[in-house]
Amino acid sequence: MHPPLNRPHPECQNQIDNLQQCHATKKFWNLSACNIVKRQLDDCFKKEKENLLKSMNKDMMFKRQQEEDSFADAVGHKETFEEYLARDQDYQKACQDNQDGSKDKNYQTKSMGGRLS
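Source: prediction; values computed, not measured.

1. Some remarks on the overall build of the protein
What the protein contains, in helices and strands, is six helices and zero strands. Counting from the amino terminus, helix and strand elements in the protein follow one another as α-α-α-α-α-α. Partitioning the contacts of the protein with sequence separation of at least 6, the portion at a separation of at least 24 is 45%. Accessible surface, the protein: about 10,500 Å² in total, of which carbon and sulfur atoms supply 53%.

2. Some points on the pattern of salt bridges
In the structure shown here, the tally under the stated rule is three salt bridges. Ionic pairing is found between Glu68 and Arg64, a salt bridge with its closest N-O pair at 3.2 Å. Taken as a pair, Glu68 and Arg64 lie in helix α3 (residues 60-75) at a separation of four residues, close to a single helical turn. Put simply, Asp97 and Lys93 hold a salt bridge, and the shortest N to O gap is 3.3 Å.

3. Quick look at helix α5 (residues 89-100)
Between the first and last C-alpha of α5 there are 17 Å, a value that for 12 residues agrees with the 16 Å anticipated at 1.5 Å per step. Where α5 begins, the side chain of Asp88 points an oxygen toward the backbone nitrogen of Asp90, at a separation of 3.5 Å.

4. Focus: a nonpolar patch on the surface
A surface patch of nonpolar side chains, amounting to about 290 Å² of accessible area, comprises Leu52, Leu53 and Met56. Residue Met56 is classed as partly exposed on the basis of its relative accessible area of 47%.

Parameters at a glance
- Residues numbered from 1 in each chain as written.
- Predicted model: local features only at pLDDT ≥ 70, side-chain atom pairs only at ≥ 80, totals over all residues.
- Heavy atoms only, no water.
- Helix = DSSP H or I, 4+ residues; strand = E, 2+ residues; numbered from the N terminus.
- Contact = heavy atoms within 4.5 Å.
- Areas by Shrake-Rupley, 256 points an atom, 1.4 Å probe, with all protein chains shown as cover.
- Salt bridge = Lys/Arg side-chain N within 4 Å of Asp/Glu carboxyl O.
- Expected span 1.5 Å × (residues − 1).
- Polar contact = N/O pair within 3.5 Å; in protein donor to acceptor, adjacent residues only side chain to side chain.
- Patch = residues over 30% accessible without salt bridge, like charges linked within 9 Å, V, L, I, M, F, W, Y side chains within 5 Å.
- Buried < 20%, exposed > 50% of the residue type's maximum accessible area, 1.4 Å probe, protein only.

Set out below in structure tokens:
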């Protein structure tokens, strides 16, 4: 399948004309008669789509940063989540306890009904 051919496709107009001419001149029962022309048209549409996506996504990182800044201003957050965690004392204490591992082992031993293997 290809996109509608009645829309303007300036990069692929030659291939569209070739396909329409092929369909007009070939018998409808010969299904493979226009495959080469159709493949050329598909390749052209693929290149057209790649060029369109490149132009749309050209400044994507800049646009995304602007959106994140706007969101932070709207919500009132001026710091990242990592910065928040770095200054959160409860989180730092939990990380320290987790590194020691003593509380987790005791919990696992009691919950498993015996010793750890």
